[in-house]
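Inside the fold
Okay, here's what each chain looks like letter by letter:
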Amino acid sequence: MKQRLITGIVAGAVFLGLCFWGGWPYQLLLTAMALIGYYEFVKMTGTRAFGGTAMLGYLSIMCFMIPWDLMGAREWLSWEQGIWLLLLLFLLVTVFSKNKQDIKITALMFTGIVYIGMGFSYMAIARGASDGHGVIWTFLLLCCIWGSDAGAYFVGRSFGRNKLWPAISPNKTVEGALGGVLISILIAACFALFIPDLLTIGRALLIGLSCAVLGQLGDLVQSAYKRVYGIKDSGSLLPGHGGILDRCDSWIIVFPFVHIVMLMPYY
């Protein structure tokens, strides 16, 4: 627990400090986290970490994370066009390798780049919000996610009786999940009270609910993958916490979701 606490404080201070700073430092941090997360994903599946398909994956992650706005350039491909072209490249891996690279593996690697690449790229998008309040929106989502995690843990330990999804995560309970939802909504409501000119209470409640529900689903997604491959943690970068995917599994689901459904106030 001591190791976990120290790691959490140090890593949290670095992440939040660079998030507050913004610009290139934060963009580079997110890019590094995305690349490490993809490395963990590749290793988790038993694929060679620096084989041909994995290297294509790393390059694809870089494409997702290129900070066009910071470079003073505009994207020349839409999201849909870019993803389709990447899909084509991954499909062709099996052809050019003469079936030495299984289509199942290339499909899994493609899933990984969309899952991780889009997740971290939308974190960058949130920080660079067009209304100039990117720090607030990023902190809002992170606080709701962290509040949901803490609420689920403490409520679950105190009142948990009914298992939520024992086949995937045996320690999670229905009571804990509901506690996490409540805490997340309360946190979002507090943001609305402090910044009423930027965030309405109705939108805040929807954001809080989305962060809790999608965040917990993101955690279950990672738990399901780890259970399939028989591992406890996706990595060991963060002592006491595991890897990047272990810590960011909720983030990389929540950030794309709230943007895609246009819940963020600057839409």
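The structure presented is a predicted model; accordingly, all values stated were derived computationally and were not measured.

1. Notes on the overall build of the protein chain
Per the secondary structure count, the protein chain includes ten helices and two strands. Along the protein chain, helices and strands appear, N-terminal first, in the series α-α-α-α-α-α-β-β-α-α-α-α. A compact globule built from 267 residues would reach a C-alpha radius of gyration of about 18 Å, and the protein chain, at 19 Å, matches this within 12%. Taking the principal axes of its C-alpha atoms as reference, the protein chain extends roughly 60 × 45 × 30 Å. Taking all 267 residues of the protein chain together, the buried fraction comes to 46%. Partitioning the contacts of the protein chain with sequence separation of at least 6, the portion at a separation of at least 24 is 69%.

2. Digging into the pattern of salt bridges
Per the counting criterion, the structure on display carries three salt bridges. K172 is paired through a salt bridge with D219; the nearest N and O atoms lie 2.5 Å apart. Of the two residues, K172 is situated in strand β2 (residues 169-173) and D219 in helix α8 (residues 201-229); the sequence distance between them amounts to 47 residues. Judged by its relative accessible area of 19%, D219 falls in the buried class. Among the salt bridges present, the one from K226 reaches D246, with a minimum N-O distance of 2.7 Å. Placement of the pair is K226 in helix α8 and D246 in helix α9 (residues 244-248), with a sequence separation of 20 residues.

3. Focus on the side chain of T53
Relative to the elements of secondary structure, T53 occurs in helix α3 (residues 52-65). Leave out the neighbours within four places in its chain, and T53 touches F90, V93, Q101, T106 and M109.

4. Considerations on the environment of Q216
Examined against the element boundaries, Q216 turns out to sit in helix α8. Each C-alpha atom, one on Q216 and one on D131, is 29 Å from the other, the two residues being 85 residues apart in sequence. When sequence neighbours within four positions are dropped, the list of residues in contact with Q216 reads S148, A177, G180, V181 and C211. Here the side chain of Q216 touches S148 through a polar contact of 3.4 Å, side chain to side chain.

5. Let's talk about the state of the cysteines
One pass over the structure, following the stated rule, counts zero disulfides. C211 supplies the cysteine sulfur nearest to C144, a cysteine that is in no disulfide, at a spacing of 4.5 Å. Taking the relative accessible area as the measure of exposure, C144 reaches 0% and is therefore buried. For C190, which is in no disulfide, the shortest distance to another cysteine sulfur is to C144 and amounts to 9.5 Å.

6. Regarding the environment of M55
Looking at the secondary structure, you find M55 in helix α3. Measuring from C-alpha to C-alpha, the distance between M55 and Y39 comes to 9.7 Å, with 16 residues separating the pair along the chain.

7. Digging into the environment of S158
Here S158 lies in helix α6 (residues 134-159). The spatial distance from the C-alpha of S158 to the C-alpha of G176 is 8.6 Å, given a sequence separation of 18 residues.

8. Digging into a nonpolar patch on the surface
On the surface, L164, W165, V174 and L178 cluster together into a nonpolar patch covering about 360 Å² of accessible area. Elements represented by at least two residues in the nonpolar patch include exactly β1 (163-165) and α7 (174-194). With respect to the helices and strands, V174 occurs in helix α7.

9. Quick word on the UniProt feature "transmembrane region" (unreviewed entry) in the protein chain
UniProt annotation of "transmembrane region" (unreviewed entry) refers to residues 6-37, 49-70, 76-96, 108-129, 135-155, 176-195 and 201-221 when read in the numbering used here. Within residues 135-155, the helical portion is 100% and the strand portion 0%, while the C-alpha atoms at the span's ends are 29 Å from each other. Overall, residues 176-195 shows 95% helix and 0% strand. The separation of its end C-alpha atoms is 29 Å.

10. Digging into the packing of aromatic side chains
Summed over the entire model, instances satisfying the criterion amount to 14 aromatic pairs. Measuring from ring centre to ring centre gives 5.9 Å for Y39 and F50, while their planes differ by 35°; the resulting arrangement is tilted. Taken together, the positions of Y39 in helix α2 (residues 23-44) and F50 in the loop between α2 and α3 put the pair eleven residues apart, joining distant regions of the chain. Note on Y39: relative accessible area 32%, which makes it partly exposed. Given the relative accessible area of 60%, F50 is considered exposed. Put simply, the rings of Y38, Y39, F41, F50, Y58, Y115 and Y225 pair up and form one aromatic cluster.

Calculation criteria
- Residues numbered from 1 in each chain as written.
- Predicted model: local features only at pLDDT ≥ 70, side-chain atom pairs only at ≥ 80, totals over all residues.
- Heavy atoms only, no water.
- Helix = DSSP H or I, 4+ residues; strand = E, 2+ residues; numbered from the N terminus.
- Rg over C-alpha atoms; globule rule 2.2 N^0.38 Å.
- Buried < 20%, exposed > 50% of the residue type's maximum accessible area, 1.4 Å probe, protein only.
- Contact = heavy atoms within 4.5 Å.
- Salt bridge = Lys/Arg side-chain N within 4 Å of Asp/Glu carboxyl O.
- Polar contact = N/O pair within 3.5 Å; in protein donor to acceptor, adjacent residues only side chain to side chain.
- Disulfide = S-S within 2.5 Å.
- Patch = residues over 30% accessible without salt bridge, like charges linked within 9 Å, V, L, I, M, F, W, Y side chains within 5 Å.
- Areas by Shrake-Rupley, 256 points an atom, 1.4 Å probe, with all protein chains shown as cover.
- UniProt positions renumbered as here; feature names shortened; annotations may be inferred.
- Phe/Tyr/Trp six-rings, centres within 6.5 Å; stacked < 30°, edge-to-face > 60°.

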